[in-house]
Amino acid sequence: MTTAALVRDLGVALAPDRVRAGALELALYERDASMLTGQASVVCFPTSAGEVSAAVRVCRDHGRPFVPRGSGTGLAGGATPLGQVAPVVIVTTKMNKILEVDSEQRFAWVEPGVLNLDLSTAVAHLGLHFAPDPSSQQSCSVGGNVANNSGGPHCLLYGVTSAHVLAMEVVLADGSVVVLGGIDPEPEGLDLRGAFVGSEGTMGIATRIAVRLTPLPPCVATLLADFSTIHDAAAAVTGVIAAGIIPAALEMMDATIVEVVEAYVHAGFPTDAAAVLLVEVDGLRGGVDVCTSDVEAILKAHGAREVRVAADAAERAAWWKGRKSAFGAIARIAPNYYLHDCVIPRTRLVDVLDEVGRIASSRDLVLGNVFHAGDGNLHPLIVFDRRAPGVLEKVHEAGRKIIETCVAAGGSLSGEHGIGIEKREAMDLVFTEVDLEAQKWLRDAFDPEGRCNPEKILPRGGSRCGDISSLPPGAWV
Amino acid sequence: MKDALRSFADQIGSEGPVAVAGGKTHWGVGGWPATGTKEVAAPVGVVAHEPAEMIVRVGAGTTLEELRSTVEEGGQFVALEADDPSKATVGGVLAVGLGGYRRLGWGPVRDSVLEMTSVTAGGEVLRSGAPLVKNVTGYDLCRLFVGSLGTLALTGEVVLRCRPIPEAETWWVGEGADPFAVAAGLYRPLSVLWNGIHTWVGLAGYRVDIEDQARTVLGRAFRPAERPPPLPGRLRRSLTPRDLRALPSTAGVDRPWLAQVGVGVVHCGEAAAERIGPVGPPSSGVWDLHRALKERFDPAGRLNPGRSVSGVAAGAGV
């Protein structure tokens, strides 16, 4: 059937003005924030679960795959439309209502398009918040957080998205609607809720999500420590964890990042430092005081030149704004960046950071590090100008080497961004064929015909050599 | 341990009904294994505890008691509970997937699991997750397997998250207090338990915080308790946290039950259980997904035949 017929049927299922197939609109939705480009046939904007279900049924009748999409802030190509035939992109941004807030039982039912920070802001007057806090929290959606099992600085203590989702209403690939999980703690059956979270939109579209709301801590202390070597900073991270302290957040920024961030937001970061650690502890007053002085002593024992404690909420907010603005600030160096996301054992921070630095410098690439040091979640950031001849090849090659280095150190491919298209061909660096086959069983049980967000996460089969540059035609990183 | 896992996979093989037996403390959950089912034991022993990484690799046949004593040497603990830790095994606790009294503070069992090495129905070794505290690489089969009663794969070895042992854990008991107000007033309590008359409160963390909470929130209505109360029975029910309020009228206070306030789990005996019906069961669409998963993970139905995750809420033999 033709695209015109598809547009017509989707228009009947939704409303004609919420079904778009113009060249400009299709171009806007050909990729997410990753620059991995695909091709959409139609983009549609449902406003209810009923409309999502209807749109999915139209896709089925027309033999079209579909791609769920929230705010499009994903960095691994999870929302980039790929398929044998161009997919329909189903965008959840118009489903952005907070449906119910239950402060007694500390949860909220929300639609998938609700923005992460909007949810926390809306429940702050109740002394509650939604704990996952990705750097993109001003623009990323809760549905996207569910798809990617998103993290953020404070998931060091509070856990990633999966620990904060109680239940979901999901439209499956055949258009049927199920509820996974429950408000009660031990719903009958398998934990399909847990299997769905982090499945990157390949097992259905969440149309309502029950998220756990976490009490705001009564007391917070934020420490900023600067170091004259990255080694000392990394050793201090290990020192804090080894002392049996799990801070709420433990972040590192290297000199490259500190310099551009400071010039951009004037957060008060020391620009002559080789590395800065941002450590936050929270809880009740007494414990926070004990913990703050313990952390301060450990940081100093590991060579911190200076440790400052945020004087007030305004200073704390300025530091966090600096940390979370890094990816915007980096444009002061060059117009393009490629942000990586690997996890390593925390005790390997020093040697892996060394090696990552060598990988970039030996290729004359500018690289900064801004990452969740406390849980070993690296974010090497390669900054470049794609117009420079040959630079893309070097960026690709460096990226591949970084992944290999992390895996060789006992690490894994992704801590919070997901696999998407970006890393699917690297999956066999960490999984065997048996492992991948079992993952496919899960995916197939939810979507036997492979209609929901095809060509994501799992390698395409055939010869696989962990080559992340073997991307689909038209795609580039 | 590779040899132990290999031998575990060899014993499971690829044909015939098979189950893994741990301490058999919850052997009847979800139904008894069919007659003629071969029983295999999972590898035993702590393989490696890495305190600086806050992870421990352990054979699934290891008892919780052995795990606790090993990890304790590094100043850490693993957030798994069982009423008989000298018999209950790590693999058994994960297969059943039901936590103990401290779930309010510790979170569910599944959140402690980082990696599982299992054997498929085809007899092949399958690894899911990674020995890392943060990881979203690939599909989360660990969460699918925790609570699956060994009906999708048989787990031989796991990597678990460790946490620092808090400075103190103390218990308190009081009579006549509103347990819901107490739970709401405390900051991140470990446990609030209620039997309709008494309320027990567990607090863990810095001593100074515990003393502060005891003074300002618990007050004179509570006195120190040596430990939490014993289980009132072997059955349990899962209610929404708010529905617990009705327990004195639905279950009555003369039939023993103990509710985890803020969580929704009710521990009880048969007398109370029959008056606390389970929350509505999942829809037929959800059971269709269960069938589709079983067909793919275990097409011949050889893993734990006779057991079903759909039988757990009915309380069969818990």
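Rules used in this analysis
Residues numbered from 1 in each chain as written. Chains lettered and ligands numbered in written order. Predicted model: local features only at pLDDT ≥ 70, side-chain atom pairs only at ≥ 80, totals over all residues. Heavy atoms only, no water. Helix = DSSP H or I, 4+ residues; strand = E, 2+ residues; numbered from the N terminus. Rg over C-alpha atoms; globule rule 2.2 N^0.38 Å. Buried < 20%, exposed > 50% of the residue type's maximum accessible area, 1.4 Å probe, protein only. Contact = heavy atoms within 4.5 Å. Axes fitted to C-alpha atoms, helices over the stretch in contact; angles between N-to-C directions. Parallel < 35°, antiparallel > 145°, perpendicular 65-115°, else oblique. Left-handed = near helix turned anticlockwise from the far one by under 90°. Buried area = accessible area lost by both parts, 1.4 Å probe. Salt bridge = Lys/Arg side-chain N within 4 Å of Asp/Glu carboxyl O. Polar contact = N/O pair within 3.5 Å; in protein donor to acceptor, adjacent residues only side chain to side chain. Pairing = 2+ DSSP bridges. pLDDT = per-residue confidence, 0-100. Lys, Arg positive; Asp, Glu negative; His and termini not counted. Patch = residues over 30% accessible without salt bridge, like charges linked within 9 Å, V, L, I, M, F, W, Y side chains within 5 Å. Areas by Shrake-Rupley, 256 points an atom, 1.4 Å probe, with all protein chains shown as cover.

A. Representation of the overall build of chain A in the model. Looking only at helices and strands, one finds 15 helices and 20 strands in chain A. Its C-alpha radius of gyration of 22 Å places chain A within 12% of the 23 Å reference for a compact globule of 477 residues. In terms of its C-alpha atoms, chain A occupies a principal-axis envelope of roughly 70 × 60 × 40 Å. The buried share of chain A, reckoned over its 477 residues, is 63%. Relative to all contacts within chain A whose residues are 6 or more apart in sequence, the contacts with residues 24 or more apart total 74%.

B. Inspection of the packing of helix α13 (residues 349-361) of chain A against helix α14 (residues 391-408) of chain A at higher detail. Residue and element names in this part refer to chain A. Running from N to C, α13 and α14 point in directions that differ by 165 degrees, and their axes come no closer than 10 Å. Viewed along their axes, α13 and α14 adopt a mutual orientation that is roughly antiparallel. In this structure, α13 meets α14 at a crossing whose hand is right-handed. For the pair α13 and α14, the contacting residues are Val352, Glu355, Val356 and Ile359 in the first and Ala398, Lys401, Ile402, Thr405 and Cys406 in the second.

C. Quick look at the interface of chain B and chain A. Taken together, the contact between chain B and chain A spans 64 residues of the former and 83 residues of the latter. Buried area between chain B and chain A, summed over both chains or domains, comes out near 6,200 Å², and the portion from carbon and sulfur atoms is 61%. It is Lys134, Tyr139 and Tyr187 of chain B that lose the most area in chain B upon contact with chain A, and together they represent 16% of the buried surface on that side. Salt-bridge contacts for glutamate 186 of chain A lead to arginine 236 of chain B; the nearest nitrogen and oxygen are separated by 2.5 Å. Across the contact surface, chain B and chain A share 25 residue pairs in polar contact (both at pLDDT 80 or more). Breaking the side of chain B that touches chain A down by element, the ones donating at least two residues are β7 (125-129), α5 (141-145), α7 (207-218), β14 (235-238) and α10 (284-297) of chain B.

D. Looking closely at the pattern of salt bridges. In the structure shown here, the tally under the stated rule is 49 salt bridges over all chains. Note that glutamate 169 of chain B and arginine 102 of chain B form a salt bridge whose closest N and O atoms lie 2.9 Å from each other. Here arginine 102 of chain B lies in the loop between α3 (90-96) and α4 (103-106) and glutamate 169 of chain B lies in strand β10 (residues 168-175), a separation of 67 residues in the sequence. Looking at glutamate 169 of chain B, the relative accessible area reads 36%, which means it is partly exposed. By relative accessible area, which is 17% here, arginine 102 of chain B ends up buried. Here the salt bridges do not stand alone but share partners, grouping Asp102 and Glu104 of chain A together with Arg242 and Arg245 of chain B into one network.

E. Quick look at the sheet that holds strand β13 (residues 222-225) of chain B. Residue and element names in this part refer to chain B. Across the sheet, 7 strands lie side by side as β13-β10-β12-β11-β15-β16-β14; this open sheet has antiparallel pairing. Looking along the sheet, the strands with just one partner apiece sit at the ends: β13 and β14. Sheet twist, expressed as the average angle between the axes of neighbouring strands with direction ignored, equals 25 degrees. Note that β10 and β13 share 4 bridges and pair antiparallel. Opposite glycine 174, over in β13, you have phenylalanine 222 as the bridge partner. With respect to the sheet, α7 is in contact with β10, β12 (198-205) and β13, its orientation differing from that of β12 by roughly 150 degrees.

F. Spatial organisation of the confidence of the model for chain B. Across chain B, the average pLDDT comes to 94, with 97% of residues at or above 70. Interface confidence for the predicted complex, given as ipTM, is 0.96, next to a pTM of 0.96.

G. Here's a closer look at the sheet that holds strand β4 (residues 55-59) of chain B. Residue and element names in this part refer to chain B. Sheet architecture is open: 5 strands sit in the order β3-β4-β8-β6-β7, paired in antiparallel fashion. One side of each edge strand has no neighbouring strand; the edge strands of this open sheet are β3 (46-50) and β7. The sheet shows a mean angle of 10 degrees between the axes of neighbouring strands, taken without regard to direction. Sheet strands touched by helix α2 (residues 64-72): β3, β4 and β8 (154-161). Its angle to β3, the strand with the most contacts, is close to 35 degrees.

H. Layout of the environment of glycine 30 of chain B. With respect to the helices and strands, glycine 30 of chain B occurs in the loop between β1 (18-20) and β2 (38-40). Between the C-alpha atoms of glycine 30 of chain B and alanine 221 of chain B, which are 191 residues apart in sequence, the distance is 41 Å.

I. Focus on the side chain of arginine 237 of chain B. Residue and element names in this part refer to chain B. Along the polypeptide, arginine 237 turns up in strand β14. Buried arginine 237, no salt bridge; nearest opposite-charge side chain is glutamate 274, N-O distance 8.1 Å. A distance of 2.8 Å separates the side chain of arginine 237 from the backbone oxygen of isoleucine 276, its partner in a polar contact.

J. Structural view of a nonpolar patch on the surface. Residue and element names in this part refer to chain A. Together, Ile98, Val101 and Leu126 make up a nonpolar patch on the protein surface, roughly 200 Å² of accessible area in all. Position of leucine 126 relative to the elements: it lies in the loop between α4 (116-123) and β7 (128-129). Relative accessible area serves as the criterion here: at 38%, leucine 126 is assigned to the partly exposed category.

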